Amino acid sequence: MNAHAMLVHHTRYRYDRPVHLGPQTIRLHPLPGTRNVLSHALDIAPAAHTRTWSDDACGNRIARGVFGDRVPHFDVTVRLTTDQTPTDPFTFTIAPHARMWSANGMNADPALGAYLLAPHKATEATPTPLLDALTREWRATLPCPTLDLLTGLTRAIAARITYCIRLEAGVWSPEETLRNAAGSCRDSAWLLIAVLRRLGFAARFVSGYLFQPERDAPERLGCELHAWTQVYIPGAGWIGLDTTSGLLAAQGHVPLAVAVTPQDAAPVSGLLDQCVATFEAVMETMPLPAMSEIHASPRRLTRPS
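Reference entry: report on the structure contained in this document. (Residues numbered from 1 in each chain as written. Predicted model: local features only at pLDDT ≥ 70, side-chain atom pairs only at ≥ 80, totals over all residues. Heavy atoms only, no water.)

**Side note on the overall build of the protein chain**
Counting secondary structure elements, the protein chain contains four helices and 18 strands. Its C-alpha atoms give the protein chain a radius of gyration of 20 Å, near enough to 19 Å, the size a compact globule of 305 residues would have. Each of the three principal axes of the protein chain carries a C-alpha extent, and together these read 55 × 55 × 35 Å. Within the protein chain, contacts between residues separated by at least 24 positions form 73% of all contacts whose residues are at least 6 apart in sequence. Counting only carbon and sulfur atoms, one obtains 56% of the accessible surface of the protein chain, whose full area is about 14400 Å². (Helix = DSSP H or I, 4+ residues; strand = E, 2+ residues; numbered from the N terminus. Rg over C-alpha atoms; globule rule 2.2 N^0.38 Å. Contact = heavy atoms within 4.5 Å. Areas by Shrake-Rupley, 256 points an atom, 1.4 Å probe, with all protein chains shown as cover.)

Right under this line is the structure:
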(Lines give C-alpha, C1' and ligand atoms only; values in the text may rest on other atoms or scores of the structure.)
Protein backbone atom coordinates (compact mmCIF):
# COMPACT_ATOMS: atom_id res chain seq x y z
CA MET A 1 0.00 0.00 0.00
CA ASN A 2 1.19 3.51 -0.84
CA ALA A 3 1.47 5.31 2.48
CA HIS A 4 2.22 8.81 1.21
CA ALA A 5 0.25 11.64 2.82
CA MET A 6 0.27 15.43 2.59
CA LEU A 7 -0.10 17.86 5.49
CA VAL A 8 -1.26 21.45 5.00
CA HIS A 9 -0.59 23.42 8.18
CA HIS A 10 -1.88 27.00 8.48
CA THR A 11 -0.69 29.21 11.35
CA ARG A 12 -2.54 32.52 11.57
CA TYR A 13 -2.02 35.52 13.85
CA ARG A 14 -4.61 38.33 13.80
CA TYR A 15 -4.03 41.71 15.47
CA ASP A 16 -6.57 44.28 16.63
CA ARG A 17 -4.63 46.96 14.71
CA PRO A 18 -1.72 47.12 12.27
CA VAL A 19 1.49 46.42 14.21
CA HIS A 20 5.21 46.48 13.72
CA LEU A 21 6.64 42.94 13.69
CA GLY A 22 10.22 42.29 14.64
CA PRO A 23 12.08 39.60 12.68
CA GLN A 24 10.07 36.39 12.93
CA THR A 25 11.96 33.10 13.28
CA ILE A 26 10.12 30.10 11.83
CA ARG A 27 11.21 26.57 12.73
CA LEU A 28 8.81 24.57 10.57
CA HIS A 29 11.27 22.94 8.17
CA PRO A 30 11.97 19.23 8.72
CA LEU A 31 15.34 18.51 10.27
CA PRO A 32 17.80 17.91 7.39
CA GLY A 33 18.18 14.19 6.74
CA THR A 34 14.69 13.23 7.96
CA ARG A 35 14.06 10.08 5.94
CA ASN A 36 10.24 10.07 5.81
CA VAL A 37 9.96 13.56 4.24
CA LEU A 38 9.31 13.67 0.48
CA SER A 39 8.70 17.39 -0.10
CA HIS A 40 8.29 20.63 1.83
CA ALA A 41 7.15 24.17 1.03
CA LEU A 42 6.66 27.19 3.27
CA ASP A 43 4.71 30.37 2.47
CA ILE A 44 4.56 33.59 4.51
CA ALA A 45 2.00 36.39 4.34
CA PRO A 46 1.68 39.34 3.95
CA ALA A 47 3.72 39.08 0.77
CA ALA A 48 5.64 42.31 1.45
CA HIS A 49 8.46 40.74 3.44
CA THR A 50 12.04 39.59 3.09
CA ARG A 51 12.76 35.95 3.82
CA THR A 52 16.13 34.33 4.46
CA TRP A 53 17.04 30.71 5.21
CA SER A 54 19.90 29.63 7.45
CA ASP A 55 21.07 26.80 9.70
CA ASP A 56 21.33 27.44 13.42
CA ALA A 57 23.91 26.04 15.84
CA CYS A 58 21.82 22.88 16.42
CA GLY A 59 21.56 22.10 12.69
CA ASN A 60 17.95 23.27 12.29
CA ARG A 61 16.86 24.79 8.99
CA ILE A 62 15.15 28.06 9.94
CA ALA A 63 13.42 30.85 8.00
CA ARG A 64 13.44 34.48 9.11
CA GLY A 65 10.82 36.92 7.89
CA VAL A 66 11.36 40.68 8.06
CA PHE A 67 8.44 43.06 7.47
CA GLY A 68 9.06 46.69 6.55
CA ASP A 69 5.55 48.05 7.17
CA ARG A 70 2.90 47.57 9.80
CA VAL A 71 0.83 44.44 9.24
CA PRO A 72 -2.70 43.50 10.36
CA HIS A 73 -1.91 39.77 10.33
CA PHE A 74 0.90 37.23 10.01
CA ASP A 75 0.34 33.87 8.32
CA VAL A 76 2.57 30.84 7.79
CA THR A 77 1.53 27.89 5.60
CA VAL A 78 3.45 24.62 5.42
CA ARG A 79 2.84 21.93 2.82
CA LEU A 80 4.60 18.72 3.69
CA THR A 81 4.49 15.34 1.92
CA THR A 82 5.61 12.32 3.96
CA ASP A 83 5.97 8.59 3.64
CA GLN A 84 4.09 6.91 6.49
CA THR A 85 5.16 3.36 5.64
CA PRO A 86 5.71 1.62 9.01
CA THR A 87 9.36 1.40 10.05
CA ASP A 88 11.23 -0.44 12.77
CA PRO A 89 12.61 2.18 15.21
CA PHE A 90 15.15 -0.32 16.59
CA THR A 91 17.24 -0.55 13.41
CA PHE A 92 20.39 0.94 14.91
CA THR A 93 23.59 -0.43 16.37
CA ILE A 94 24.98 0.69 19.71
CA ALA A 95 28.76 0.91 20.00
CA PRO A 96 30.11 -2.08 21.96
CA HIS A 97 31.51 0.05 24.78
CA ALA A 98 28.11 1.76 25.30
CA ARG A 99 25.83 -1.27 25.37
CA MET A 100 25.98 -1.34 29.18
CA TRP A 101 25.39 2.08 30.73
CA SER A 102 27.41 2.92 33.81
CA ALA A 103 26.82 5.50 36.51
CA ASN A 104 29.64 7.59 35.00
CA GLY A 105 28.03 7.86 31.56
CA MET A 106 29.69 7.24 28.19
CA ASN A 107 29.63 10.54 26.29
CA ALA A 108 33.12 12.03 26.02
CA ASP A 109 32.53 14.07 22.82
CA PRO A 110 32.95 17.78 23.73
CA ALA A 111 30.41 18.68 21.02
CA LEU A 112 27.73 17.12 23.24
CA GLY A 113 28.57 19.28 26.25
CA ALA A 114 25.51 21.54 26.10
CA TYR A 115 23.20 18.52 25.92
CA LEU A 116 24.66 17.11 29.14
CA LEU A 117 23.90 20.14 31.33
CA ALA A 118 21.22 19.52 33.95
CA PRO A 119 18.17 21.71 33.11
CA HIS A 120 17.47 22.59 36.74
CA LYS A 121 20.21 22.39 39.33
CA ALA A 122 18.86 21.93 42.84
CA THR A 123 19.62 24.78 45.26
CA GLU A 124 18.29 25.78 48.63
CA ALA A 125 15.94 28.21 46.86
CA THR A 126 14.71 25.68 44.32
CA PRO A 127 14.80 22.17 45.79
CA THR A 128 13.83 19.28 43.53
CA PRO A 129 13.04 16.36 45.87
CA LEU A 130 10.78 14.54 43.40
CA LEU A 131 13.27 14.80 40.56
CA ASP A 132 16.09 13.79 42.90
CA ALA A 133 14.15 10.71 44.03
CA LEU A 134 13.31 9.67 40.46
CA THR A 135 16.94 10.03 39.44
CA ARG A 136 18.15 7.97 42.42
CA GLU A 137 15.63 5.26 41.54
CA TRP A 138 17.06 4.84 38.06
CA ARG A 139 20.69 5.39 39.00
CA ALA A 140 20.34 2.47 41.39
CA THR A 141 19.76 0.19 38.38
CA LEU A 142 23.18 1.00 36.87
CA PRO A 143 25.06 -0.55 35.27
CA CYS A 144 22.42 -2.06 33.02
CA PRO A 145 21.81 -2.57 29.28
CA THR A 146 21.55 0.87 27.69
CA LEU A 147 18.53 0.12 25.53
CA ASP A 148 16.64 -1.46 28.44
CA LEU A 149 17.33 1.62 30.54
CA LEU A 150 16.11 4.06 27.89
CA THR A 151 12.96 2.17 26.94
CA GLY A 152 12.12 1.40 30.57
CA LEU A 153 12.53 5.02 31.70
CA THR A 154 10.46 6.32 28.77
CA ARG A 155 7.63 3.89 29.55
CA ALA A 156 7.81 4.72 33.26
CA ILE A 157 7.40 8.45 32.68
CA ALA A 158 4.56 7.84 30.21
CA ALA A 159 2.79 5.76 32.88
CA ARG A 160 3.46 8.21 35.72
CA ILE A 161 2.61 11.47 33.92
CA THR A 162 -0.97 11.76 32.68
CA TYR A 163 -1.06 13.48 29.30
CA CYS A 164 -3.04 16.72 29.18
CA ILE A 165 -3.44 19.47 26.60
CA ARG A 166 -2.10 22.82 27.81
CA LEU A 167 -2.78 25.77 25.49
CA GLU A 168 -0.83 28.27 27.59
CA ALA A 169 2.73 28.99 26.55
CA GLY A 170 5.79 27.72 28.37
CA VAL A 171 7.08 24.47 29.76
CA TRP A 172 6.70 23.27 33.33
CA SER A 173 9.84 22.47 35.28
CA PRO A 174 10.52 18.74 35.80
CA GLU A 175 9.64 19.15 39.50
CA GLU A 176 6.31 20.78 38.65
CA THR A 177 5.43 18.02 36.18
CA LEU A 178 6.21 15.35 38.79
CA ARG A 179 4.23 17.21 41.45
CA ASN A 180 1.19 17.45 39.18
CA ALA A 181 1.64 13.88 37.89
CA ALA A 182 0.38 15.34 34.60
CA GLY A 183 1.60 17.51 31.77
CA SER A 184 1.66 18.23 28.07
CA CYS A 185 3.98 16.44 25.67
CA ARG A 186 6.54 19.22 26.07
CA ASP A 187 6.41 18.95 29.88
CA SER A 188 7.03 15.20 30.00
CA ALA A 189 9.72 15.44 27.30
CA TRP A 190 11.55 18.06 29.39
CA LEU A 191 11.23 15.82 32.45
CA LEU A 192 12.81 12.90 30.57
CA ILE A 193 15.65 15.16 29.42
CA ALA A 194 16.33 16.19 33.02
CA VAL A 195 16.61 12.59 34.20
CA LEU A 196 18.67 11.46 31.21
CA ARG A 197 21.21 14.25 31.67
CA ARG A 198 21.55 13.40 35.36
CA LEU A 199 22.31 9.82 34.31
CA GLY A 200 25.08 10.97 31.99
CA PHE A 201 23.23 10.95 28.66
CA ALA A 202 23.30 13.76 26.13
CA ALA A 203 19.64 14.63 25.48
CA ARG A 204 17.83 17.33 23.54
CA PHE A 205 14.31 18.68 23.10
CA VAL A 206 12.45 18.07 19.83
CA SER A 207 9.54 19.99 18.36
CA GLY A 208 7.84 18.43 15.35
CA TYR A 209 4.82 16.88 13.71
CA LEU A 210 3.22 13.63 14.79
CA PHE A 211 1.17 11.72 12.22
CA GLN A 212 -1.16 9.11 13.71
CA PRO A 213 -4.74 7.81 13.40
CA GLU A 214 -7.38 10.10 14.85
CA ARG A 215 -8.43 9.12 18.37
CA ASP A 216 -12.15 9.28 17.54
CA ALA A 217 -11.84 8.04 13.94
CA PRO A 218 -8.94 5.59 13.60
CA GLU A 219 -9.62 5.17 9.87
CA ARG A 220 -8.46 8.77 9.42
CA LEU A 221 -4.86 9.94 9.52
CA GLY A 222 -4.35 13.10 11.55
CA CYS A 223 -1.40 15.28 12.47
CA GLU A 224 -0.56 17.65 15.30
CA LEU A 225 2.39 19.60 16.62
CA HIS A 226 4.17 17.45 19.17
CA ALA A 227 7.25 17.36 21.39
CA TRP A 228 9.54 14.51 22.33
CA THR A 229 13.12 13.76 23.38
CA GLN A 230 16.20 12.68 21.49
CA VAL A 231 19.01 10.92 23.34
CA TYR A 232 22.51 10.40 21.96
CA ILE A 233 23.71 6.79 22.03
CA PRO A 234 27.31 6.16 20.93
CA GLY A 235 27.26 4.24 17.66
CA ALA A 236 23.55 4.82 17.07
CA GLY A 237 23.41 8.63 17.11
CA TRP A 238 20.32 10.57 18.11
CA ILE A 239 17.33 8.33 18.94
CA GLY A 240 13.81 9.67 19.55
CA LEU A 241 11.90 8.80 22.75
CA ASP A 242 8.24 9.78 23.11
CA THR A 243 7.02 10.16 26.70
CA THR A 244 3.39 10.52 25.60
CA SER A 245 3.22 7.02 24.13
CA GLY A 246 6.17 5.49 25.97
CA LEU A 247 7.61 4.37 22.61
CA LEU A 248 10.55 5.16 20.38
CA ALA A 249 9.95 7.72 17.64
CA ALA A 250 9.03 6.08 14.32
CA GLN A 251 7.60 6.98 10.90
CA GLY A 252 4.89 9.23 12.36
CA HIS A 253 7.43 11.58 13.96
CA VAL A 254 8.78 14.41 11.78
CA PRO A 255 11.30 16.54 13.74
CA LEU A 256 11.26 20.24 12.90
CA ALA A 257 13.63 21.68 15.50
CA VAL A 258 16.02 20.29 18.09
CA ALA A 259 17.50 22.37 20.89
CA VAL A 260 19.16 22.35 24.29
CA THR A 261 16.03 23.91 25.81
CA PRO A 262 12.36 23.97 24.73
CA GLN A 263 12.41 27.74 24.28
CA ASP A 264 14.91 27.41 21.44
CA ALA A 265 12.70 24.95 19.53
CA ALA A 266 9.52 27.06 19.37
CA PRO A 267 7.84 26.75 15.93
CA VAL A 268 7.49 30.55 15.59
CA SER A 269 9.13 33.25 17.69
CA GLY A 270 9.63 37.00 17.41
CA LEU A 271 8.70 40.38 18.84
CA LEU A 272 5.74 42.63 17.98
CA ASP A 273 4.04 45.78 19.23
CA GLN A 274 1.80 45.52 22.26
CA CYS A 275 -1.64 44.60 20.97
CA VAL A 276 -4.54 42.19 21.29
CA ALA A 277 -3.71 39.14 19.20
CA THR A 278 -5.49 35.90 18.38
CA PHE A 279 -3.85 32.71 17.24
CA GLU A 280 -5.30 29.96 15.06
CA ALA A 281 -3.72 26.75 13.79
CA VAL A 282 -5.42 24.53 11.24
CA MET A 283 -3.98 21.20 10.10
CA GLU A 284 -5.36 19.12 7.27
CA THR A 285 -3.90 15.71 6.50
CA MET A 286 -4.74 14.52 3.01
CA PRO A 287 -4.06 11.13 1.45
CA LEU A 288 -2.41 11.05 -1.92
CA PRO A 289 -4.47 9.33 -4.64
CA ALA A 290 -3.16 5.85 -3.87
CA MET A 291 -4.38 6.21 -0.27
CA SER A 292 -8.01 7.04 -0.95
CA GLU A 293 -9.10 4.78 1.88
CA ILE A 294 -7.75 7.33 4.37
CA HIS A 295 -9.89 10.47 4.60
CA ALA A 296 -8.70 14.03 4.99
CA SER A 297 -8.79 15.11 8.60
CA PRO A 298 -8.94 18.85 9.46
CA ARG A 299 -7.89 19.94 12.93
CA ARG A 300 -8.55 23.39 14.35
CA LEU A 301 -7.24 25.08 17.47
CA THR A 302 -8.10 28.63 18.44
CA ARG A 303 -7.03 30.56 21.51
CA PRO A 304 -6.30 34.18 22.50
CA SER A 305 -2.68 35.16 23.04
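The structure having been displayed, the exposition proceeds.
**Considering a nonpolar patch on the surface**
On the surface, Tyr163, Ile165 and Leu167 cluster together into a nonpolar patch covering about 290 Å² of accessible area. Among the secondary structure elements, leucine 167 is positioned in the loop between strand E9 (162–163) and helix H3 (174–180). (Patch = residues over 30% accessible without salt bridge, like charges linked within 9 Å, V, L, I, M, F, W, Y side chains within 5 Å. Salt bridge = Lys/Arg side-chain N within 4 Å of Asp/Glu carboxyl O.)

**A word on the sheet that holds strand E12 (residues 221–233)**
The strands that make up a sheet are held in pairs by hydrogen bonds between backbone atoms, and each pair lies either parallel or antiparallel. With antiparallel pairing, five strands are arranged side by side in an open sheet as E14-E13-E12-E11-E15. Only two strands of the sheet have a single neighbouring strand rather than two, namely strand E14 (247–248) and strand E15 (253–259). In the packing of helix H4 (residues 185–198) onto the sheet, the strands contacted are strand E11 (202–213), E12 and strand E13 (237–242), and the crossing angle to E12 comes to about 10°. (Pairing = 2+ DSSP bridges. Axes fitted to C-alpha atoms, helices over the stretch in contact; angles between N-to-C directions.)

**Some words on the packing of aromatic side chains**
In the structure shown here, the tally under the stated rule is six aromatic pairs. Linked through ring pairs, Tyr13, Phe67, Phe74 and Phe279 together constitute an aromatic cluster. The aromatic ring of tryptophan 172 is capped on one face by arginine 166, whose charged end is 4.3 Å from the ring centroid. The ring of tryptophan 238 carries the charged tip of arginine 204 above its face, separated from the ring centre by 3.9 Å. (Phe/Tyr/Trp six-rings, centres within 6.5 Å; stacked < 30°, edge-to-face > 60°. Lys NZ or Arg CZ within 6 Å of the ring centre and 35° of its normal.)

**Observations concerning the nonpolar core**
Of all hydrophobic cores here, the largest spans 37 residues; its most connected members are Leu153, Leu191, Leu196, Phe201 and Val231. With nine residues, H4 is the largest single contributor of residues to this core. By size, the runner-up hydrophobic cluster in this structure holds 28 residues, among which are Ala5, Ile26, Val268 and Phe279. (Core = buried A, V, L, I, M, F, W, Y, C linked by side-chain atoms within 4.5 Å. Buried < 20%, exposed > 50% of the residue type's maximum accessible area, 1.4 Å probe, protein only.)

**Describing the environment of isoleucine 233**
Positionally, isoleucine 233 belongs in strand E12. The exposure class of isoleucine 233 is buried, given its relative accessible area of 1%. Sequence separation of isoleucine 233 and methionine 106 is 127 residues, and the distance between their C-alpha atoms is 8.6 Å.

**As for helix H1 (residues 129–139)**
Burial in H1 covers these residues: Leu131, Leu134, Thr135 and Trp138. Down the axis, H1 shows its buried residues gathered within 100° of arc, on one side only. Here the buried face of H1 lies against helix H2 (146–160), H3 and H4. (Arc of directions from axis to C-beta.)

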